[in-house]
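Examination of the molecular architecture
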Amino acid sequence: MKVQSNAVVRPARNIRGSVELPGDKSISHRYGMLSGIAEGPSRIENYSTGADCASTLGCMRAMGVKWERKSEGQNVIEVQGHGLSLAAPAASLDCGNSGSTMRMLSGIVAGQSFTSEMIGDESLSRRPMERIIKPLSAMGAQIESQQGRPPLRITGGPLKPIDYKMPVASAQVKSCLLFAGLFADGETRVEESVRTRDHGEVALRAFGAELQRKMAGGGSEVRIRGGQRLQGIEARVPGDLSSAAFFLCAAALFPGSELTLPNLLMNPTRARLLDVLMQMGLHISVTQLEEIHGEMVGSLQVEGAKLKGTTIAGADSAALIDEIPVLAAIAPFTDQGIEVRDAKELRVKESDRISAVATNLRKMGAQVEEFEDGLKIPGGQTLHGAELDSFDDHRIAMAFAIAALRAEGETVIQGAEAAAISYPAFFETLEGLTAR
Ligand code: S3P
């Protein structure tokens, strides 16, 4: 049985302090999977503490991969690579709440010589899987689903390469197909018309795979040859920028804020949030930029300022997909408000994030216009504290903890435990940074 817990958030004066973020969720998933199918040991420091990345490790263990947590904080893991060929799991592979686990790991499972079942929680069981079922089936995997939704029953085997233009902008699908490409007899090519995060490509190279990349227009093309063997690595996962987004937006709410974020992921396919916040008026400076295993890492100094508004549309909506909930949650406190369009994908995330944001903002007394693909939230509004729902969605729970800092009166977030999906220490950390 799931234990529900509420978080109470009181208004703040500003945000002050320094916080090192847990390892990036997207990179942790990929390192967790690739270290399992690599040869030799891997040591991964600052592996994400979130429940989602633990789901990935759980699935890898179920397929014979040995790994151990090595540190007190539980965020250093050592993995003994099993090589490309994994062991048949004795039970269903439980992906929990994690769409990333199910979608990306199915690319690896599709290349195995066994049948396995991938299951997920109630939220994951509602999410669309057709986007990976179609191309993986074209590569030769046999996949049964519940009308395109989980559970997935995958019978894998040697795969045929694919030349695939992705109809939805999705980094999960891109990584899934590149991972499957390792098991294909020939060269797989994946094309995207809108550039999405490239951690799959960068991680494959870090584990020794060769791949060719071309950026053209707003999109990209990646080619990978099958049969390549991976080698284990020693790595440190940069701090999660999508988790840092909550503190960045909190700092942005108060002109007196001062925040330092060391060792933060600065990958250009993820850092659009920093441009947008700077265009809106937040002062951000980046120091000590370095590259680790192909990923850019830097330290951020942030000073709050008065925020203008913005419009997020087109390619920006894909680039900011995980940060839109918190940007929308602070929109009423900006001068001109925020409009979000071309973000229909938000409706099929861990919750329907467009509807969840609109519902919670309205409960706080905000005026909001909702569209099929976005929201329009006027600026200059005054909000009051309210009883809100996380909709069992980590990013909704955390986004409204931030909005609550500028509301009048106390806010209660029901189902706040959802934050543990990506950031178990979120509420304590926020409390430590909040000046009242
Ligand atoms: C992710 C990609 C995004 C994002 C998710 C993580 C990834 O999903 O929303 O939280 O790690 O590749 P899509 O690629 O499906 O848009």
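All values derive from a computational prediction rather than experimental measurement. The numbering scheme is per chain: residues are counted from 1 as the chain's sequence reads. Restriction of local features to residues with pLDDT of at least 70 applies here, the model being predicted, together with a cutoff of 80 or more for giving and counting side-chain atom pairs; totals for whole chains, interfaces and linings are based on all residues. Note that water and hydrogens are dropped before the side-chain values are worked out from all heavy atoms of the structure.

**Side note on the site of the ligand**
Spelled out, the test is: If a single non-hydrogen atom of a residue is within 4 Å of a molecule or strand, that residue counts as near it. Here a polar contact is recorded for every N or O atom pair within 3.5 Å, except that within protein the pair must consist of a potential hydrogen donor and a potential acceptor, and residues adjacent in sequence are included only if both atoms are side-chain atoms. Here, Shrake-Rupley sampling with a 1.4 Å probe gives the accessible areas, and only protein chains in the shown set may cover a residue. Helix numbering and strand numbering both begin at the N terminus, where a helix is a DSSP run of H or I of at least 4 residues and a strand a DSSP run of E of at least 2. Charged residues are taken to be Asp, Glu, Lys and Arg, nonpolar residues to be Ala, Val, Leu, Ile, Met, Phe, Trp, Tyr, Cys and Pro, and polar residues to be all remaining types, Gly included. Bear in mind that the domain bounds are from an automatic or database domain assignment.
Every one of the 13 residues lining the ligand counts as a neighbour, but Ser26, Arg30, Ala171, Asp322 and Lys349 are closest to it. Taking Ala171, its main chain carries an N or O atom lying 2.7 Å from an oxygen atom of the ligand. If the ligand stood free it would expose 380 Å²; the protein chains cover 95% of that surface. The set of elements that each furnish at least two residues to the shell around the ligand consists of helix 1 (25-37), helix 3 (99-109) and helix 6 (171-181). Looking at which element gives the most residues to the shell around the ligand, the answer is helix 1, with 3 residues. For the shell around the ligand, the per-class residue count stands at 3 nonpolar, 4 polar and 6 charged. Lining the shell around the ligand are residues from two domains, each supplying at least three of them: domain 1 (6-22 + 238-435) and domain 2 (25-236).

**Details of helix 2 (residues 51-62)**
As a reminder of what qualifies: The span expected for a helix works out to 1.5 Å for each residue beyond the first. Under the scheme applied here, a residue whose accessible area is under 20% of the maximum for its type counts as buried, over 50% as exposed, and between as partly exposed, the area being computed with a 1.4 Å probe on protein chains only.
When the terminal C-alpha atoms of helix 2 are compared, their 16 Å separation across 12 residues agrees well with the 16 Å that a helix rising 1.5 Å per residue should span. The set of residues buried in helix 2 consists of Asp52, Cys53, Ser55, Thr56, Leu57, Cys59 and Met60. Directly after helix 2, the chain includes Gly64, whose backbone phi takes a positive value near 95°.

**Observations concerning the domain arrangement of the protein**
Stated formally: For this analysis, residues touch if any pair of their heavy atoms sits within 4.5 Å. In short, buried area is how much 1.4 Å probe accessible area vanishes from two parts on joining, totalled over both. Salt bridge criterion: a side-chain nitrogen from Lys or Arg within 4 Å of a carboxyl oxygen from Asp or Glu.
Taken domain by domain, the protein consists of domain 1 (6-22 + 238-435) and domain 2 (25-236). Relative to domain 2, the C-alpha centre of domain 1 lies at a distance of 28 Å. With 28 residues of domain 1 at the contact, the number on the domain 2 side is 29 residues. Summing both sides of the interface, domain 1 and domain 2 together bury roughly 2400 Å²; the carbon and sulfur share of this comes to 49%. Contact with domain 2 buries surface across domain 1, with His293, Glu350 and Ile421 losing the most and accounting together for 26% of the total. Seen at the junction of domain 1 and domain 2, the total is 4 salt bridges.

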